[in-house]
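# A structural walkthrough
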Amino acid sequence: MMIRYCHNISMDSAKRGFWINVPQENTIYIQITDPCCAFEPMKNNFAEIHRFEFLDDDLEGDGHEFSITDEQAEELAKILRRASQARKNVIVSCHAGLCRSGAITEIMVSQFGYTPGPGVRSPNLLVRNKIMRSLGLSYDPNFSPFNNYDPVWE
């Protein structure tokens, strides 16, 4: 019998304190905020801290210049792949803590076998699809790994 190594991913956990029991030296922290908003200061010793600025927008083109870019999706894909290969925990927080972080959480659960932390999940489709493309993967819109988890409403 083979046992798959499970990692942990926590969504919006930095704001709510869920990361307190996560070994920070083995954790990658991804912080996403709206353009022109300040990032929360970090007082912890995470293995890596990555910061991105883009709106929680599901559309591209004229009038949507602040949506996630292909370059940002590629960089996030590299970070997620590296986290999985190095067996690092991942903490992700976004401005509202629902959609952009939810997209990353869904990818880490469905593609890399991570165990999600508590939180409401409403994945941003544009963010999810762009990162999935950057990973060279496709996504079945009829499947969500969160169907196996009870939602946690806080």
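Preceding this section is the structure that the text describes.
Structure report, in brief. Remember, predicted model here, so these are calculated numbers, not experimental data.

Here we come to the packing of helix α2 (residues 70-85) against helix α4 (residues 125-134). Viewed as axis vectors pointing N to C, α2 and α4 meet at an angle of 65°, and their least axial separation amounts to 8 Å. For the element pair α2 / α4, the angle class is roughly perpendicular. By crossing handedness, the relation of α2 to α4 is classed as right-handed. Counting all contacts with α2, which are made through Asp70, Ala73, Glu74, Leu76, Ala77, Leu80 and Arg81, the residues of α4 involved are Lys130, Ile131 and Ser134. Considered class by class, the residues forming the contact of α2 with α4 number five nonpolar, one polar and four charged.

Our next topic: the nonpolar core. The biggest cluster of nonpolar side chains holds 26 residues, and the ones touching the most others in it are Ile30, Ile32, Ile68, Leu76, Leu80, Ile104 and Ile131. For this core, the secondary-structure elements that each account for two or more residues are β2 (27-33), α2, β4 (89-93), α3 (100-112) and α4. Counting residues per element, this core draws most heavily on α2, at six residues.

Basis of the calculations
- Within each chain, residues carry numbers counting from 1 in the order of the written sequence.
- Reporting in this predicted model follows two pLDDT cut-offs: at least 70 for local features of residues, and 80 or more for side-chain atom pairs to be given and counted; totals over whole chains, interfaces and linings ignore these cut-offs and use all residues.
- Based on all heavy atoms of the structure, the side-chain values leave hydrogens and waters out of the count.
- Orientation is described by axes fitted as lines to C-alpha atoms, over the contacting stretch for helices, and by angles from 0 to 180 degrees between their N-to-C directions.
- Going along the chain from the N terminus, every DSSP run of H or I of four or more residues is numbered as a helix, and every run of E of two or more is numbered as a strand.
- Working definition: roughly parallel below 35 degrees, roughly antiparallel above 145 degrees, roughly perpendicular at 65 to 115 degrees, and oblique for all remaining angles.
- Each crossing gets its handedness from the near helix: less than a right angle anticlockwise from the far helix is left-handed, clockwise is right-handed.
- Contact definition: two residues touch when any of their heavy atoms are within 4.5 Å.
- Charged means Asp, Glu, Lys or Arg here, nonpolar means Ala, Val, Leu, Ile, Met, Phe, Trp, Tyr, Cys or Pro, and polar covers whatever is left, Gly included.
- We call a set of buried residues a nonpolar core when its members are Ala, Val, Leu, Ile, Met, Phe, Trp, Tyr or Cys and they connect through side-chain atoms within 4.5 Å of each other.
- Each residue's exposure class comes from its accessible area (1.4 Å probe, protein chains only) as a fraction of the maximum for that residue type: buried when under 20%, exposed when over 50%, partly exposed otherwise.

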